[in-house]
Amino acid sequence: MEQSDAELVKACRNGDESAWEKLILRYQRLIYSIPRRAGLDEDTATEIFQNVFASFIEKLDTIEQPDRIQAWLVTTAKRETWRFIFKQKNLQTETLRDEVDGSEALDLPDNAPLADEVLLRLEAQNQVRNAVETLDERCHRLLKMLFYTSEPPTYAEITAALGIPSGSIGPTRARCLQKLLTVLQGQGFV
């Protein structure tokens, strides 16, 4: 059974390196996607990602709700992203003020951070992705093939890859989705 966030945070507090790795693997895509979706480049997103986890290390012992670590990490990533964007906007404004004599209006592009709805969607996607990872190998592979590729494979390709008859793909998919729903309900997602 997969460890909960609270269990991983507790293990991190006790110096368990594997718990650190599990937390980072669990949330790396989500945290990295926040600055990327805000339009920041890869290097900046990596820097923000590192800042978020550095902040997590610094505040590890003071985090009051370890079971809500995902929300803490997302909030921290959003704030780091906003700080960077605000800092960049101020630098652009100062540079433009130096270059413009003040008679022209400054027309800066809108680099507003992500809307909360987009972040909620990213969090939900991350939670579903993590739930899919907990499923048995057959369900995990089938759901990845069906829902995590840009173009879903044909039944013949699924049959070849998984070694199951094409007539049982639909019922197997239904059972796997039911298992996924059960995992998500157990996590309080639905």
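Structure's up top.
Below you will find a few notes about this structure.

Criteria and thresholds
- Position numbers for residues start from 1 in each chain and track the written sequence from start to end.
- In keeping with the predicted nature of the model, local features appear solely for residues at pLDDT of at least 70, side-chain atom pairs appear and are counted solely at 80 or more, and the whole-chain, interface and lining totals rest on all residues.
- Each side-chain value is worked out from all heavy atoms of the structure, with water and hydrogens disregarded.
- The numbering of helices and of strands both runs from the N terminus, where a helix is a DSSP run of H or I of at least 4 residues and a strand a run of E of at least 2.
- With a 1.4 Å probe rolled over the protein chains alone, any residue whose accessible area is under 20% of its type maximum counts as buried; one over 50% counts as exposed, and the rest are partly exposed.
- Here a residue-residue contact requires only that any non-hydrogen atoms of the pair lie within 4.5 Å.
- All accessible areas in this document rest on Shrake-Rupley with a 1.4 Å probe, and a residue is counted as covered only by the protein chains that are shown.
- Within this analysis, patches are made of residues with over 30% relative accessible area and no salt bridge. Like charges are joined at 9 Å or less; nonpolar side chains (Val, Leu, Ile, Met, Phe, Trp, Tyr) at 5 Å or less.
- By convention in these notes, a salt bridge is any Lys or Arg side-chain nitrogen within 4 Å of a carboxyl oxygen on Asp or Glu.
- Axis definition: a line fitted to C-alpha atoms, over the contacting stretch in the case of helices. Angles run 0 to 180 degrees between N-to-C directions.
- With respect to orientation, any angle under 35 degrees is reported as roughly parallel, any angle over 145 as roughly antiparallel, any angle of 65 to 115 as roughly perpendicular, and every other angle as oblique.
- Take the far helix as the reference: if the near one is turned anticlockwise from it by less than a right angle, the crossing is left-handed, and if turned clockwise, right-handed.
- Cysteine sulfur atoms that come within 2.5 Å of each other are treated as a disulfide pair.

### What about the overall build of the protein?
- When you go through the protein residue by residue, the secondary structure sums to eight helices and zero strands.
- In sequence order, the secondary structure elements of the protein are arranged as α-α-α-α-α-α-α-α.
- Across the 190 residues of the protein, 35% fall into the buried class.
- For the protein, contacts bridging at least 24 residues in sequence account for 57% of all contacts bridging at least 6.
- Approximately 11,900 Å² of the protein is accessible, and the part contributed by carbon and sulfur atoms is 50%.

### Things to note about a nonpolar patch on the surface
- A grouping of Phe147, Tyr148 and Leu177 is seen on the molecular surface, where their side chains present a nonpolar patch of about 280 Å² in accessible area.
- Counting through the fold element by element, Leu177 comes out in helix α8 (residues 169-186).
- Residue classification places Leu177 among the partly exposed residues on the basis of a relative accessible area of 35%.

### Remarks on the packing of helix α1 (residues 5-13) against helix α2 (residues 17-37)
- Following both chains from N to C, one finds α1 and α2 inclined at 140°, their axes separated by 8 Å at the closest point. Classed by the angle they form, the pair α1 and α2 counts as oblique. Along this stretch, α1 crosses α2, giving a crossing that reads as left-handed. Across the interface between the two elements, Asp5, Leu8, Val9, Ala11 and Cys12 of α1 pack against Ala19, Trp20, Lys22, Leu23, Arg26 and Tyr27 of α2.

### With respect to the state of the cysteines
- Applying the stated rule across the entire model yields one disulfide.
- The disulfide partner of Cys139 is Cys176, and the S-S distance across this bridge is 2.1 Å. With the S-S bond torsion at -75°, the cross-link from Cys139 to Cys176 turns out left-handed. A residue pair is termed long-range when its members are at least 10 positions apart, and Cys139 in helix α6 (residues 137-147) and Cys176 in helix α8 qualify at 37 residues. Residue Cys139 shares its accessibility class with Cys176, and that shared class is buried.

### Considering the pattern of salt bridges
- Evaluated as defined, the whole model comprises five salt bridges.
- Two residues, Lys144 and Glu133, come together in a salt bridge whose shortest N-O distance is 3.1 Å. One end of the pair, Lys144, is in helix α6; the other, Glu133, is in helix α5 (residues 116-134), and 11 residues separate them in sequence.
- Note on Lys144: relative accessible area 24%, which makes it partly exposed.

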